[in-house]
Each structure stands twice: as structure tokens, then as C-alpha cells.
Amino acid sequence: MTLNIIKIIQNIPKGKVLTYGRIAKLAGNPRAARQVAWTLNSSTEKYALPWHRVINSQGLIALNSEEGRNQQKFLLMKEGIEFVGEFEIDLSKYLWKINSIEEIGNE
DNA sequence: AACCTGACTTCGG
DNA sequence: TCCGAAGCCAGGT
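Residues numbered from 1 in each chain as written. Chains lettered and ligands numbered in written order. Predicted model: local features only at pLDDT ≥ 70, side-chain atom pairs only at ≥ 80, totals over all residues. Heavy atoms only, no water.

Colleague: I'd like to hear about the overall build of chain A, residue by residue, with values.
Modeller: Scanning chain A from N- to C-terminus turns up five helices and two strands. Taken from the N to the C terminus, the helices and strands of chain A come in the order α-β-α-α-β-α-α. Over its C-alpha atoms chain A spans a radius of gyration of 13 Å, differing by no more than 12% from the 13 Å that the globule rule assigns to 107 residues. Counting only C-alpha atoms and orienting by the principal axes, one finds that chain A spans roughly 35 × 25 × 25 Å. A separation of at least 24 residues holds for 61% of the contacts in chain A among residues at least 6 apart in sequence. Roughly 6,400 Å² of accessible area belongs to chain A as shown, and the carbon and sulfur atoms make up 47% of that amount. In chain A, the 14 positive side-chain charges and the 11 negative ones have mean positions that sit 4 Å from each other. (Helix = DSSP H or I, 4+ residues; strand = E, 2+ residues; numbered from the N terminus. Rg over C-alpha atoms; globule rule 2.2 N^0.38 Å. Contact = heavy atoms within 4.5 Å. Areas by Shrake-Rupley, 256 points an atom, 1.4 Å probe, with all protein chains shown as cover. Lys, Arg positive; Asp, Glu negative; His and termini not counted. Charge placed at Lys NZ, Arg CZ, Asp CG, Glu CD.)

Here it is, written out as C-alpha cells:
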């Protein structure tokens, strides 16, 4: 479960993003969005996860601290993602299109 | 060891 | 539509 979450995040392509809900759904539990957030906190360093490619369902950066938000925005812009608001991006453009975790299996 | 908390979402009223 | 409550689960208190 947790490993699925990590696996998914690790495979998000550069320049694309995924929402907590999507990840949770792909990992098996549509309601485990919170766990996704928690996993990012605890495993980002261990697995070198591209944490900045994970945002909330509204296309907004979900961090609490302002420094964190700026950091994430900076990293995303560096990958070519444009912001439509201060901390908002167009999901229809940048959301990673993946239907199931099976699509990652060929790793 | 029980209880609280969190980078969230979804569901029911 | 909008708001409160539940669901998920591991680490910290």
C-alpha cells in the first residue's frame, strides 16, 4: 500500500503533477489521500521522491509554510509548468494521465 | 498503550 | 452549493 504510493510518486514524469486523491486511488484506497500526504513527509528523503509534483485536487499547492510553497512553485516552474494563480496550476494541462498502477509495472 | 495529528478527499445532510 | 464528519495509517506525545 504505502509502497504503491511511493512507487507512483517516483514515476511521475517531469513537468507533470498528480493530486493526492489520484495517487490514493491508484494505490488502492480512494480515501487514503491523507496517507499520501503523510507518506510524503516520512519518505521523501529515503526514496528521493519528487514531492513537488504532488498537489491537491484543486490544482493548488497544499503546503502550510510559505517557504515551502515558494520552494515547490520554484521547482515546478523550473520544469516548465506555468501558474495561473499565485499557487495554482491548470490541472487539465499538467495532470499526469495514468489510469492504473499497472501502467507503471513495466519499470 | 491510547489518543492526536496531518502536504487531503469524499460523502451525507 | 456549502459545511461538518468520516476515512486512511504511521509517528509523535
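From this point, the discussion proceeds with the structure in view.
Colleague: Break down the packing of aromatic side chains for me, with residues and values.
Modeller: Taken as a whole and assessed by the stated rule, the structure comprises zero aromatic pairs. Here arginine 69 stacks its cationic end above the ring of phenylalanine 87, 5.5 Å away from the centre of that ring. Here lysine 73 stacks its cationic end above the ring of phenylalanine 83, 5.3 Å away from the centre of that ring. (Phe/Tyr/Trp six-rings, centres within 6.5 Å; stacked < 30°, edge-to-face > 60°. Lys NZ or Arg CZ within 6 Å of the ring centre and 35° of its normal.)

Colleague: Explain the protein's contact with DNA strand C residue by residue, including any values.
Modeller: Neighbouring DNA strand C are Met1, Thr2, Asn29, Arg31, Ala32, Arg34, Gln35 and Trp38. Of everything in DNA strand C that lies within 4 Å of the protein, sugar and phosphate atoms constitute 58%. Backbone polar atom of arginine 31 to a base nitrogen of DNA strand C: 3.3 Å apart, as the coordinates give it. Between DNA strand C and the protein, one listed contact pairs a base oxygen with a side-chain N or O atom of arginine 34 at 3.0 Å. Here the surface near DNA strand C takes three residues from helix α3 (residues 33-47), the largest share from any one element. Class assignment of the residues belonging to the surface near DNA strand C gives a composition of three nonpolar, three polar and two charged. (Near = heavy atom within 4 Å. Polar contact = N/O pair within 3.5 Å; in protein donor to acceptor, adjacent residues only side chain to side chain. Nonpolar A, V, L, I, M, F, W, Y, C, P; charged D, E, K, R; others polar.)

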